[in-house]
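Geometric and topological summary
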Amino acid sequence: MKKKIEEVINHVQKSDKVSDENKPLILEKLEEWRNEDEALNDISVRFSNWWMEMKPIFDELGWK
């Protein structure tokens, strides 16, 4: 689990698709999750919830 989170941290740090404003916030949360046993499950649930909220907007914009 920690290795997967470390990979995500490295990806976020190198990404040009994540804004400089959001990077510190994302990295801070990932650092917290790296030390939690249920971190991957939490990430999955949060992403699913985010996707359910954003999907109608993406559909309306024609993004698939």
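This write-up is about the structure you can find in this document. A quick note: this is a predicted structure, and the numbers were derived from the prediction, not measured.

This part takes up the packing of helix 1 (residues 2-14) against helix 2 (residues 23-34). Axis separation between helix 1 and helix 2 bottoms out at 10 Å; the angle between their running directions is 170°. Viewed along their axes, helix 1 and helix 2 adopt a mutual orientation that is roughly antiparallel. Where helix 1 approaches helix 2, its residues K2, I5, E6, V8, I9, V12, Q13 and K14 are matched on the opposing element by K23, I26, L27, L30, E31, W33 and R34. Of the residues belonging to the contact of helix 1 with helix 2, the class tally is 8 nonpolar, 1 polar and 6 charged.

Moving on, we come to the layout of surface pockets. As a volume, the largest pocket reaches approximately 500 Å³. Every residue lining the largest pocket is counted, 14 residues in all, and those nearest its centre are I26, W33, I43, R46 and F47. Among the elements of the structure, helix 1, helix 2 and helix 3 (39-61) are those that each provide at least two residues to the lining of the largest pocket. Tallied by class, residues from the lining of the largest pocket come to 11 nonpolar, no polar and 3 charged.

Residue placement: E60 occurs in helix 3. Overall, E60 belongs to the exposed group, its relative accessible area being 74%. Distance from E60 to S48, taken between C-alpha atoms, is 19 Å for residues 12 residues apart in sequence.

Attention now goes to helix 2. Taking 1.5 Å of rise per residue, 12 residues should cover 16 Å, and helix 2 covers 16 Å from first to last C-alpha, within 8% of that figure. Restricting attention to buried positions, one finds in helix 2 the residues K23, L27, L30, W33 and R34. Down the axis of helix 2, the sector holding all buried residues measures 120°, keeping them to one side.

Okay, the packing of aromatic side chains next. Pairs of aromatic rings are described using the distance from one ring centre to the other and the angle between the two planes. In this structure the tally under the stated criterion is 5 aromatic pairs. With a centroid separation of 6.4 Å and 45° between ring planes, the pair formed by W50 and W51 is classed as tilted. W50 sits in the partly exposed class, given a relative accessible area of 39%. By way of ring pairs, the aromatic residues F47, W50, W51, F58 and W63 are connected into one cluster.

What counts and how
- Each chain has its residues counted from 1, following the order in which its sequence is written.
- Reporting of local features is limited, given that this is a predicted model, to residues whose pLDDT is at least 70; pairs of side-chain atoms are given and counted only at 80 or more, and all residues count toward the totals for whole chains, interfaces and linings.
- Side-chain numbers here rest on the full set of heavy atoms in the structure, without hydrogens or water.
- Here an angle of 0 to 180 degrees is reported between the N-to-C directions of two axes, which are lines fitted to C-alpha atoms, with helices fitted over the stretch in contact.
- Runs of E in the DSSP output that reach at least two residues are strands. Runs of H or I that reach at least four are helices, and both are numbered from the N terminus.
- Each angle is binned into one of four classes, with values under 35 degrees roughly parallel, values over 145 roughly antiparallel, values of 65 to 115 roughly perpendicular, and all other values oblique.
- Contacts were defined at the residue level, with two residues in contact if any of their heavy atoms lie within 4.5 Å.
- Note that Gly is not counted as nonpolar here; it falls among the polar residues with everything else outside the nonpolar set of Ala, Val, Leu, Ile, Met, Phe, Trp, Tyr, Cys and Pro and the charged set of Asp, Glu, Lys and Arg.
- Buriedness of a pocket was judged along seven lines, with at least five required to meet protein on both sides within 12 Å; pockets are open sets of points on a 1 Å grid over the protein atoms alone, cavities are sets where a 1.4 Å probe fits but cannot get out, and lining residues have an atom within 4 Å of a point.
- Grid points are joined across faces, edges and corners, and a volume is the space filled by probe spheres set on the points.
- Accessibility here uses a 1.4 Å probe with only protein chains present; expressed as a share of the type maximum, an area under 20% marks a residue as buried, one over 50% as exposed, and anything in between as partly exposed.
- By this rule the span expected of a helix is its residue count minus one, scaled by 1.5 Å.
- The directions considered for the arc are those from the helix axis to the C-beta atoms.
- Only Phe, Tyr and Trp rings are paired, with Trp represented by its six-membered ring, and only when their centres lie within 6.5 Å; those with planes under 30 degrees apart are stacked, over 60 edge-to-face, the remainder tilted.

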